[in-house]
Amino acid sequence: MKKTALITGATSGIGKATAELFADNGIRLIICGRRQERLDELQKKLSEKTDVHTLSFDVRDKKDVFAKIESLPQGFSQVDILVNNAGNAHGLAPIQDGDVDDWDAMIDINVKGLLYVSKAIIGQMTERKSGQIINIGSIAGKDVYPNGNVYNASKFAVNALNEAMRYDLNEYGIRVGAVHPGLVQTEFSEVRFKGDTAKAAGVYEGYTPLYAEDIADVIYFMVSRRGSVNIADLVIYPTAQASATILNKNL
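Residues numbered from 1 in each chain as written. Predicted model: local features only at pLDDT ≥ 70, side-chain atom pairs only at ≥ 80, totals over all residues. Heavy atoms only, no water.

Draft legend 1. Molecular detail of the pattern of salt bridges. Counting across every chain of the model gives 8 salt bridges. The partner of Lys-68 in a salt bridge is Asp-64, with the nearest N and O atoms 3.3 Å apart. With Lys-68 and Asp-64 both in helix α3 (residues 62-70) and 4 residues apart, this pair spans about one turn of that helix. Classification of Lys-68 by relative accessible area gives partly exposed; the value is 25%. With a shortest N-O distance of 2.7 Å, Lys-142 and Asp-233 are connected by a salt bridge. Of the two residues, Lys-142 is situated in the loop between β5 (132-136) and α5 (149-169) and Asp-233 in strand β9 (residues 233-236); the sequence distance between them amounts to 91 residues. Exposure remark for Lys-142: the relative accessible area of 35% places this residue in the partly exposed category. Given the relative accessible area of 32%, Asp-233 is considered partly exposed. (Salt bridge = Lys/Arg side-chain N within 4 Å of Asp/Glu carboxyl O. Helix = DSSP H or I, 4+ residues; strand = E, 2+ residues; numbered from the N terminus. Buried < 20%, exposed > 50% of the residue type's maximum accessible area, 1.4 Å probe, protein only.)

Rendered as structure tokens:
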């Protein structure tokens, strides 16, 4: 039976690459993001391979998240796979110089947004006693680094929530797992550095980083295992990276 996956943050990076790979493998898609024009472009492209529905919302908007997910039409209303991919980083400054608005954005999107979307979906999974949740974390949720502070805290929360979901949903047979990538070349750094493309590009110079497709491959591997297998927690680095602070720029 064809499965349906809901992917947040699907308009770029890991979310988009995951949607593309899922479509290649016949998974029905609900692609979510803030930019409707990008959702429309992706829907047009992927509809040649699978059924695609778009939902435009900001995960920070609790009422809109619940309203949009409740509005899913028949054929898309049963979500078998939830990929909590939406997330962001704003700024890279010591805590004493941090921007409070940046802190709010990271906590609201990375933590509260993940919770809102999960809450909107989990009820139907517990009722059916089936489903799978993939939470996209970060090595920042495993390894604190200088100037990471609130971003680190938000991703440590994702790591904790992933474990808590797995414990709480075990009795319902719901698989829960997380992927924690290291340096992945996406729009992530452009957002962190407020659109400074030169500074963002410098993050990935001198070595081979991970790419969105690398993470999508891992996510698909997780969801394609038989139902008795749950991959609970994966940390993925590019070969050049050994930790949040150790990077070999000669590779």
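Draft legend 2. Local environment of the sheet that holds strand β3 (residues 52-56). Here 7 strands make up an open sheet; going across it, the order is β3-β2-β1-β4-β5-β6-β9 and the pairing parallel. Each edge of the open sheet is held by one strand with a lone partner, namely β3 and β9. Taking each pair of neighbouring strands and ignoring which way they run, the sheet shows an average axis angle of 15 degrees. Pairing geometry for strand β1 (residues 4-7) and strand β4 (residues 81-84), over 3 bridges, is parallel. Bridged to Leu-6 within β4 is Leu-82. Across the sheet, helix α1 (residues 13-24) lies against β1, β2 (28-33), β4 and β6 (175-181), angled at about 170 degrees from β1, the strand it touches most. (Pairing = 2+ DSSP bridges. Axes fitted to C-alpha atoms, helices over the stretch in contact; angles between N-to-C directions. Contact = heavy atoms within 4.5 Å.)

Draft legend 3. Region of the structure containing the packing of α1 against helix α2 (residues 36-46). At a minimum axis distance of 11 Å, the contact between α1 and α2 shows a crossing angle of 20 degrees. It follows from the interaxial angle that α1 and α2 lie roughly parallel. Crossing of α1 over α2 shows right-handed handedness. Of the residues in α2, those in contact with Lys-16, Ala-19, Glu-20 and Ala-23 of α1 are Leu-42, Lys-45 and Leu-46. (Parallel < 35°, antiparallel > 145°, perpendicular 65-115°, else oblique. Left-handed = near helix turned anticlockwise from the far one by under 90°.)

Draft legend 4. Structural detail: empty space enclosed by the protein. Applying the stated criterion across every chain yields a total of 1 cavity of 30 Å³ or more. Within this model, the largest cavity holds a volume of roughly 50 Å³. Ranked by residues supplied to the lining of the largest cavity, first place goes to helix α4 (residues 100-128) with 5 residues. Taken together, the residues of the lining of the largest cavity break down into 5 nonpolar, 5 polar and no charged. (1 Å grid on protein atoms, 1.4 Å probe; cavity = no way out; pocket = protein on both sides within 12 Å on 5 of 7 lines; lining within 4 Å. Points joined across faces, edges and corners; volume = space filled by probe spheres on them. Nonpolar A, V, L, I, M, F, W, Y, C, P; charged D, E, K, R; others polar.)

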